[in-house]
Amino acid sequence: MAEQKIMDEMESQMTAFNLILHSGDARNNVHEAMDAMKVADWATADAKLAEAEESLRQAHQAQTELLQEFSRGTKIEIQIIMVHAQDHLMTTMTLKEVAVELMDVYKKINA
Amino acid sequence: MAEQKIMDEMESQMTAFNLILHSGDARNNVHEAMDAMKVADWATADAKLAEAEESLRQAHQAQTELLQEFSRGTKIEIQIIMVHAQDHLMTTMTLKEVAVELMDVYKKINA
Amino acid sequence: MAEQKIMDEMESQMTAFNLILHSGDARNNVHEAMDAMKVADWATADAKLAEAEESLRQAHQAQTELLQEFSRGTKIEIQIIMVHAQDHLMTTMTLKEVAVELMDVYKKINA
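Residues numbered from 1 in each chain as written. Chains lettered and ligands numbered in written order. Predicted model: local features only at pLDDT ≥ 70, side-chain atom pairs only at ≥ 80, totals over all residues. Heavy atoms only, no water.

A.B. asks: In this structure, what is going on with the interface of chain C and chain B? I would like to understand it.
C.D. replies: Reports often express the size of an interface as the amount of accessible area lost when the parts come together. Across the contact, 21 residues belong to chain C and 21 residues belong to chain B. Approximately 2000 Å² of surface area, both sides summed, lies buried where chain C meets chain B, with 69% of it carried by carbon and sulfur atoms. At the boundary of chain C and chain B, one finds 4 salt bridges. Counting the contacts that link chain C with chain B gives 8 residue pairs in polar contact (both at pLDDT 80 or more). Within the residue set of the side of chain C that touches chain B, elements represented by two or more residues are helix H1 (9-38) and helix H3 (80-110) of chain C. For the side of chain C that touches chain B, the element with the most residues is H3(C), which contributes 13 residues. A per-class count over the side of chain C that touches chain B returns 11 nonpolar, 6 polar and 4 charged. (Contact = heavy atoms within 4.5 Å. Buried area = accessible area lost by both parts, 1.4 Å probe. Salt bridge = Lys/Arg side-chain N within 4 Å of Asp/Glu carboxyl O. Polar contact = N/O pair within 3.5 Å; in protein donor to acceptor, adjacent residues only side chain to side chain. Helix = DSSP H or I, 4+ residues; strand = E, 2+ residues; numbered from the N terminus. Nonpolar A, V, L, I, M, F, W, Y, C, P; charged D, E, K, R; others polar.)

Here is the structure:
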């Protein structure tokens, strides 16, 4: 039987920092988008949401690679920074989904 | 002293997949509800939110059972899929709470 | 080489309970704020959001201390209650951010 591959602790931490970095960028962009839609500046709101989506795409890909490593049998030791990083990503994705809905609300109010 | 019970790795993974499955169903229903309320189709929005709540209830129950196992002293090894599954559930519950608020907003706008 | 410090299992659980307690208080206050803004009671909404922010500040500080312990090299065993506690905090922080946005929406609708 093959030995189980174990993810290097440093590598796992680097992925966590990466997730937090990209999620943080995305969260800032989502908030800037929400500030823009509040003053009916749809172009800026669209641009900021697109930037947020690109950062989230990168973070989500890092997370997916991690889950794929796990599904291939690699042992990934869970550290608190990784739990925090995943929370950061998933709540920012959720906030972005809400911002997209708020855009429609603001457009209706301003119509 | 009694030996500590350890949750089988496979059982813990099955619970994680279960959480993700039900949360995913719920998330789709929440998005369909938000699409419906946008066009003032309150009946569909209500039905979709009710479906989301039922899926979330099932996922939440699986999570609660896990937390109860832990509180009874069972050792549950935390794998990355379980961290992800819990994020999935908690962010979807939050998105559902937001959708319920947006329903009120849309009703006011359309009043 | 110095021996690695390991966080006491009981201490880690106490922090988790603390996070859940403060996050739960905050979440209740956020929902009360959203109920108040729905009926244009801005003063109550503001007061409830401020209470939520204070509870979240306390919970967030407990989480930050934990992450600092980790960054100083302390080994923190991740238990399911800690994963849940962090989810609780991060989703409540996100719901609060949404409530702040909804306040602006309701003010525009009522203007």
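Back to the text.
A.B. asks: Explain the side chain of B:Thr94 here, please?
C.D. replies: Inspection of the secondary structure assignment puts B:Thr94 in helix H3 (residues 80-110). A polar side-chain atom of B:Thr94 sits 2.8 Å from the main-chain carbonyl oxygen of B:Met90. Among the polar contacts made by the side chain of B:Thr94, one reaches the side chain of C:Arg27 at a distance of 2.9 Å. With residues up to four places along the chain from it excluded, the contact list for B:Thr94 reads C:Arg27, C:Thr91 and C:Leu95.

A.B. asks: What exactly am I supposed to notice about the packing of helix H1 (residues 9-38) of chain A against helix H2 (residues 42-71) of chain A here?
C.D. replies: Packed helix pairs are characterised by how far apart their axes lie and by the angle those axes make with each other. Residue and element names in this part refer to chain A. With their axes 8 Å apart at the nearest point, H1 and H2 run at an angle of 160° to one another. What the angle tells us is that H1 and H2 run roughly antiparallel. Every pair of crossing elements has a handedness; the one defined by H1 and H2 is left-handed. The residue makeup of the contact of H1 with H2, split by class, is 14 nonpolar, 8 polar and 4 charged. (Axes fitted to C-alpha atoms, helices over the stretch in contact; angles between N-to-C directions. Parallel < 35°, antiparallel > 145°, perpendicular 65-115°, else oblique. Left-handed = near helix turned anticlockwise from the far one by under 90°.)

A.B. asks: Teacher, can you tell me more about the interface of chain A and chain C here?
C.D. replies: Contact with chain A, which involves 21 residues of that partner, is made by 22 residues of chain C. Taking both sides of the interface into account, the surface hidden between chain A and chain C amounts to around 2000 Å²; carbon and sulfur atoms contribute 69%. A:Arg27 serves as the salt-bridge partner of C:Glu97, at 3.1 Å between the closest nitrogen and oxygen. Counting across the chain A and chain C interface gives 8 residue pairs in polar contact (both at pLDDT 80 or more). Where the side of chain A that touches chain C is concerned, the elements lending two or more residues are H1 and helix H3 (80-110) of chain A.

A.B. asks: For this particular structure, what's the right way to read the confidence of the model for chain A?
C.D. replies: Close inspection of predicted coordinates is inappropriate in any region flagged by low pLDDT. Residue and element names in this part refer to chain A. Averaged over all residues, the pLDDT of chain A is 94; the fraction at 70 or higher stands at 98%. Per-element mean pLDDT across chain A ranges from 95 in H1 up to 97 in H3. Across the interfaces of the predicted complex, the ipTM metric reaches 0.92, alongside a pTM of 0.94. (pLDDT = per-residue confidence, 0-100.)

A.B. asks: Mind showing me how you'd approach the pattern of salt bridges here?
C.D. replies: Side-chain pairs of opposite charge can arise where the charged atoms are in close proximity. Under the defined criterion, the tally for this structure stands at 30 salt bridges over all chains. In this structure, A:Glu77 engages C:Lys75 in a salt bridge whose closest nitrogen and oxygen atoms are separated by 2.5 Å. With A:Glu77 in the loop between H2 and H3 and C:Lys75 in the loop between helix H2 (42-71) and H3, this pair bridges two chains. We classify A:Glu77 as partly exposed; its relative accessible area is 33%. (Buried < 20%, exposed > 50% of the residue type's maximum accessible area, 1.4 Å probe, protein only.)

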